[in-house]
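Structural characterization, general
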Amino acid sequence: MSTELLIGGARSGKSGYALRAALAHGGPVCWIATAEAFDPEMAERIRQHRAERPAHWQTCEEALELGAALRASQADFVVIDCLTLWLSNWLCRADPDGWARARADLLAAVASFRGQLYLISNEVGSGIVPDNPLARQFRDEAGRLHQDLAAQVAAVTLIVAGLPLALKRP
């Protein structure tokens, strides 16, 4: 099996790409979702995403400890959606030690996972330099995470307008 990093802009089709691959898999699937519902609109988005997935799939909603969630999965096909929301969750908690530990733990869990794994993340480094320290930190941390994952995984796909562009293949 292998791991694939799916990167692209917001609403570019990354989750749909992973969803189609998971549906084609046919075996047990675990969808690890990182979103938290802090307002009614986000709660509705989460509800809609849950409804898209088959009821027999395992859904794990984990905002912080992705490495532990990946290791706990019983499925041989796992989707983590999404890494930039996960990063936001950590940065909003203003816990740099926790973030560093969780990041290292995820990288280790990804390296040891032996099934099919899709990692979904927003590419945010193509825009302007943000005007505030938190936004710059977010952009920098996301970029470093993407680079580390891209070096580690078998495949990287950029999704633009629903179209996959292979950046790295085995």
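A short tour of the structure in this document, coming up. This one's a predicted model, so the numbers in the text were calculated from it and none came from an experiment.

Space inside the largest pocket adds up to approximately 570 Å³. Around the largest pocket, the lining comprises 24 residues; the ones closest to its centre are Arg11, Ser15, His49, Asp81 and Leu85. Breaking the lining of the largest pocket down by element, the ones donating at least two residues are α1 (14-25), β2 (29-33), α2 (40-52) and β5 (116-122). Considering every element that reaches the lining of the largest pocket, the biggest residue donor is α2, with six residues. Considered class by class, the residues forming the lining of the largest pocket number 10 nonpolar, six polar and eight charged.

This brings us to the pairing of β2. Of all five residues making up β2, five are buried, and the element is well covered by its neighbours. Burial along β2 is two-sided: the face carrying Val29, Trp31 and Ala33 and the face carrying Cys30 and Ile32 are both buried. Summarising the sheet, β2 and strand β4 (residues 77-81) pair through five bridges and their orientation is parallel. Looking at β4, one finds that valine 29 is bridged to phenylalanine 77. Pairing geometry for β2 and strand β3 (residues 58-61), over four bridges, is parallel. Considered in β3, the bridge of isoleucine 32 is made with cysteine 60. Where the polypeptide runs from β2 across α2 and back to β3, its parallel neighbour, the crossover connection is right-handed.

Right, let's talk about the packing of helix α4 (residues 83-92) against helix α6 (residues 133-152) for a bit. The relative placement of two packed helices is expressed as an angle between their axes plus a distance between the axes. Two numbers describe how α4 lies on α6: the axes approach to 10 Å, and their chain directions differ by 135°. As judged from the angle between their axes, α4 and α6 are oblique. Between α4 and α6 the crossing geometry is right-handed. Counted together, Leu83, Thr84, Trp86, Leu87, Ser88 and Leu91 of α4 and Leu134, Gln137, Phe138, Glu141, Ala142, Leu145, His146 and Leu149 of α6 form the full contact between these two elements. For the contact of α4 with α6, a count of residues per class yields nine nonpolar, four polar and one charged.

Counting across every chain of the model gives one cavity of 30 Å³ or more. Volume-wise, the largest cavity comes out at about 40 Å³. Mapped by element, the contributors of at least two residues to the lining of the largest cavity are α1 and α2. Considered class by class, the residues forming the lining of the largest cavity number two nonpolar, two polar and three charged.

Another point: the sheet that holds β3. Taken in spatial order, the seven strands line up as β3-β2-β4-β5-β1-β6-β7 in an open sheet, and their pairing is mixed. Single-partner strands in this sheet number two, and they are β3 and β7 (163-168). On average, adjacent strands in this sheet sit at an angle of 20° to one another, irrespective of strand direction. For strand β1 (residues 3-8) and β5, the ladder comprises six bridges, and the chain directions are parallel.

The next point concerns the environment of alanine 161. Tracing the backbone shows alanine 161 in the loop between β6 (155-160) and β7. Residues alanine 161 and arginine 101, 60 residues apart in the sequence, show an inter-C-alpha distance of 34 Å.

Note on aromatic pairs: each is described by the distance of the centres and the angle between the planes. Tallied over the full model, the rule gives four aromatic pairs. Between phenylalanine 77 and tyrosine 118, the aromatic rings sit 5.4 Å apart at their centres with planes inclined by 25°, giving stacked as the arrangement. Highlighted residues: phenylalanine 77 in strand β4 and tyrosine 118 in strand β5, separated in sequence by 41 residues. Overall, phenylalanine 77 belongs to the buried group, its relative accessible area being 3%. Overall, the relative accessible area of 8% leaves tyrosine 118 in the buried class. Clustering of aromatic rings is evident, with ring pairs tying together Tyr17, Phe77 and Tyr118.

Calculation notes
- Residues numbered from 1 in each chain as written.
- Predicted model: local features only at pLDDT ≥ 70, side-chain atom pairs only at ≥ 80, totals over all residues.
- Heavy atoms only, no water.
- 1 Å grid on protein atoms, 1.4 Å probe; cavity = no way out; pocket = protein on both sides within 12 Å on 5 of 7 lines; lining within 4 Å.
- Points joined across faces, edges and corners; volume = space filled by probe spheres on them.
- Helix = DSSP H or I, 4+ residues; strand = E, 2+ residues; numbered from the N terminus.
- Nonpolar A, V, L, I, M, F, W, Y, C, P; charged D, E, K, R; others polar.
- Buried < 20%, exposed > 50% of the residue type's maximum accessible area, 1.4 Å probe, protein only.
- Pairing = 2+ DSSP bridges.
- Right-handed = clockwise from strand over helix to strand, strands pointing away.
- Axes fitted to C-alpha atoms, helices over the stretch in contact; angles between N-to-C directions.
- Parallel < 35°, antiparallel > 145°, perpendicular 65-115°, else oblique.
- Left-handed = near helix turned anticlockwise from the far one by under 90°.
- Contact = heavy atoms within 4.5 Å.
- Phe/Tyr/Trp six-rings, centres within 6.5 Å; stacked < 30°, edge-to-face > 60°.

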